[in-house]
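Report on the structure
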Amino acid sequence: MDAVTAPIRFARPKLRAALAAVRGTCANVAKLALDIALPTLCICCREPVDGEGVCAACWGKLSFIERPYCPKLGIPFVYDPGPELLSMEAIASPPAYARARAAVRYDDVARILVHALKYQDRTDLAPIMGRWMARAGRDLLDGADAVVPVPLHWRRGFGRRYNQSGALGRSVARQSGVRLRSDLLRRVRATEQQVGLSRSQRASNVQGAFQVSPERLADVQGRRIVLVDDVLTTGATVDACARALLRAKAAEVSVLVFARVVDAPRPPI
């Protein structure tokens, strides 16, 4: 009996490998057929595009944030005031986090990209958005110990099926080589949507909503952490996250987003 079953037993791994190869080939053929039948369209202008869902023309319409900008908040300046001069916002209301950087201004094209990633299951946009974020946040990521996405509450995550900040965080981690740690911070209280709330209402809405997992306190202590989110508006959410991480004895917390809301240009102080 053993002599009969032994060849069968040894053949099973080879059979499984062959079946896996066949399934992979079938999947690739199906994807190719789908791409031919339904070509990828640019998420913004709906023109056919070969690549990651955004055509070159629409990428060209994005307003990338370059120097000079506030070294604290990353808000672009209208002229170069010299090193280390802060924006009025940074002086009037300094945040808990050390620095913030954003890849682009939150304009029409950026809004379409963020909404597609967040609400339309367009996770294919995360790699290219994350690449621009890693470029914008080079000074934050240099020497950082962990990339931490802003967490969703489990109920919202269940409804949305994925966390857009987590998708961006994975891309930033791949680009920078900094370890992704989605397990360090959790949202312990469900909050209202921040859209439509005033600055003070946003701050109250997220107060006490975030906490470092008790079993991860040792992984936070003394670490330099880069928080990742999709959009920075008033900064209330990332500020609440930063405070939770700093209470857990993080050495430094910085913020990296794809887009930030920028008011009318103001001179530095």
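Below or above, wherever it landed, is the structure these notes cover. Since we're looking at a predicted model, the values are computed, not measured.

**Digging into the pattern of salt bridges**
Pairs can form between side chains of opposite charge whenever their charged atoms are close. For the coordinates displayed, the defined rule picks out twelve salt bridges. The shortest N-O distance in the salt bridge between Glu-252 and Arg-99 comes to 3.6 Å. Of the two residues, Glu-252 is situated in strand S6 (residues 252-260) and Arg-99 in the loop between helix H3 (88-92) and strand S1 (100-105); the sequence distance between them amounts to 153 residues. Among the salt bridges present, the one from Arg-122 reaches Asp-124, with a minimum N-O distance of 2.7 Å. The partly exposed category is assigned to Asp-124, whose relative accessible area is 34%.

**Overview of the pairing of strand S2 (residues 146-149)**
Where burial is concerned, the two faces of S2 agree: the one with Ala-146 and Val-148 and the one with Val-147 and Pro-149 are both buried. Taken together, the four bridges between S2 and strand S5 (residues 224-232) define a ladder with parallel strand orientation. Along S5, the bridge assignment pairs Val-148 with Leu-227.

**A short note on unusual backbone geometry**
Geometrically, the link from Arg-67 to Pro-68 is a cis peptide bond, its omega value of 5 degrees lying close to zero. In the Ramachandran plot, Asp-121 falls in the positive-phi region, its phi being about 60 degrees despite a non-glycine side chain. Here Asp-121 is to be found in the loop between helix H4 (108-119) and helix H5 (126-136). Owing to a relative accessible area of 38%, Asp-121 belongs among the partly exposed residues under this scheme. With a phi angle near 75 degrees, Lys-249 is a residue other than glycine that sits in the positive phi range. Among the secondary structure elements, Lys-249 is positioned in the loop between helix H11 (236-247) and S6.

**Describing the pairing of S6**
By the criterion of burial, S6 is predominantly enclosed, with eight of the nine residues buried. As judged from the eight bridges shared by S5 and S6, these two strands associate in the parallel manner. Pairing of Leu-227 across the sheet is with Val-255, part of S6. Crossover handedness for the path S5 to H11 to S6: right-handed.

**Looking at the environment of Arg-181**
Take Arg-181: it is sitting in the loop between helix H8 (164-176) and strand S3 (185-187). Residues Arg-181 and Val-148, 33 residues apart in the sequence, show an inter-C-alpha distance of 5.2 Å. Among the polar contacts listed, one links the side chain of Arg-181 to the side chain of Asp-219, at a separation of 3.1 Å.

**Some points on H4**
Across its twelve residues, H4 extends 16 Å between first and last C-alpha, which sits within 8% of the 16 Å expected from 1.5 Å per residue. Residues of H4 that are buried: Val-109, Ala-110, Leu-113, Val-114, Ala-116, Leu-117 and Lys-118. A side-chain oxygen of the first residue of H4 lies 3.4 Å from the backbone nitrogen of Val-109; this N-cap is Asp-107. Backbone geometry just downstream of H4 places Asp-121 in the positive-phi region, at approximately 60 degrees.

**What to know about the environment of Val-231**
Within the secondary structure, Val-231 is located in strand S5. Note: C-alpha distance between Val-231 and Leu-256 (25 residues apart in sequence) is 9.1 Å.

Parameters at a glance
Residues numbered from 1 in each chain as written. Predicted model: local features only at pLDDT ≥ 70, side-chain atom pairs only at ≥ 80, totals over all residues. Heavy atoms only, no water. Salt bridge = Lys/Arg side-chain N within 4 Å of Asp/Glu carboxyl O. Helix = DSSP H or I, 4+ residues; strand = E, 2+ residues; numbered from the N terminus. Buried < 20%, exposed > 50% of the residue type's maximum accessible area, 1.4 Å probe, protein only. Pairing = 2+ DSSP bridges. Right-handed = clockwise from strand over helix to strand, strands pointing away. Polar contact = N/O pair within 3.5 Å; in protein donor to acceptor, adjacent residues only side chain to side chain. Expected span 1.5 Å × (residues − 1).

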